[in-house]
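Residues per chain are reported as follows:
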Amino acid sequence: MDELLRQAEAAHGHLCAGQILGVRMALLGLGRLGIVDPRGAERKRLITYVEIDRCATDAIGLVTGCRLGKRALKFRDWGKMAATFVDLASDRALRVVAIENSRDLADRRYPHLETKSLRQMQAYRELADGDLFREEWVRVAIDSADLPGASRERAICEQCGEGVNFGRVARVKGQVLCLSCAHPELRYWEPATPEE
Ligand SMILES: [Zn+2]
Ligand SMILES: [Zn+2]
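A word on the side chain of S102. Within the element layout of this structure, S102 appears in helix α4 (residues 102-109). Among all residues touching S102, those that are not within four sequence positions of it are Y124, D131 and L132.

What follows is the structure, given as structure tokens:
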């Protein structure tokens, strides 16, 4: 735990309550799935879904070895301190959620500590898993196009000409389009200088 926290601190830039919470969440998930060496011999067993992009997410990525660039870390932007650990070897998945009132528990348990952050850090180090997390076994149907590995499919959008991997295209009126051209209303960007 301490060694993981040191690594998490180095990777994330600072030690914070979120790092400790993330390390604990990941260790809980790995433990329940019986995965002991996620960054070595068992590195292809695990896919992790995270539901928030905060401090804890970095720690979860570090401990599990699941990274965006390996397609093993999946981000669902739901704003929840939750993660699901999917074991491809056993086809089991555990979703872990940080319990809302663990913050109050931290305040009550460690009133002598000066700041909220210190109280939380202490709580996240010491409280039992059951006081910090709710866990449930779930099923995650992972589409073959979402699995780690290189893209087998590559297409060129017939509208913008940009290359698209992993079959992320849509057929619109007989044309193969990237998702940005097929659904412009879902774009996160727009041209800086509107065309006349
Ligand atoms: Zn942080
Ligand atoms: Zn396009």
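Having put the structure on the table, let's press on.
Of all hydrophobic cores here, the largest spans 36 residues; its most connected members are V23, L46, V63, F85, V96, Y124 and F133. Elements with a contribution of two residues or more to this core: α1 (2-12), α2 (17-33), β1 (46-50), α3 (55-64), β3 (82-87), β4 (92-98), α4 and α5 (116-126). Counting residues per element, this core draws most heavily on α2, which supplies 9 residues. Among the nonpolar cores identified, the runner-up in size contains 7 residues, and C157, A170, L177 and A182 belong to it.

Taken together, H12 (NE2), H14 (NE2), C16 (SG) and C55 (SG) make up the full set of protein donors to the zinc ion (ligand 1), lying 2.1 to 2.3 Å away. Along the chain, the residues donating to the zinc ion (ligand 1) fall in the pattern H-x1-H-x1-C-x38-C. Residue H14 is found in the loop between α1 and α2, and its partner C55 is found in helix α3; the two are separated by 41 residues along the sequence.

Before going further, it helps to spend a moment on α1. Regarding α1, the residues found buried are L4, L5, A8 and H12. Projected down its long axis, α1 carries its buried residues within an arc of 100 degrees, all on one side. Away from its buried face, by an angle of more than 90 degrees, α1 presents the exposed residues R6 and A10. Looking at the buried residues of α1, the elements they touch are α2, α3 and α5.

Parameters at a glance
Residues numbered from 1 in each chain as written. Chains lettered and ligands numbered in written order. Predicted model: local features only at pLDDT ≥ 70, side-chain atom pairs only at ≥ 80, totals over all residues. Heavy atoms only, no water. Helix = DSSP H or I, 4+ residues; strand = E, 2+ residues; numbered from the N terminus. Contact = heavy atoms within 4.5 Å. Core = buried A, V, L, I, M, F, W, Y, C linked by side-chain atoms within 4.5 Å. Buried < 20%, exposed > 50% of the residue type's maximum accessible area, 1.4 Å probe, protein only. Donors = N, O, S within 2.8 Å, 3.2 Å for Na, K, Ca; no water. Arc of directions from axis to C-beta.

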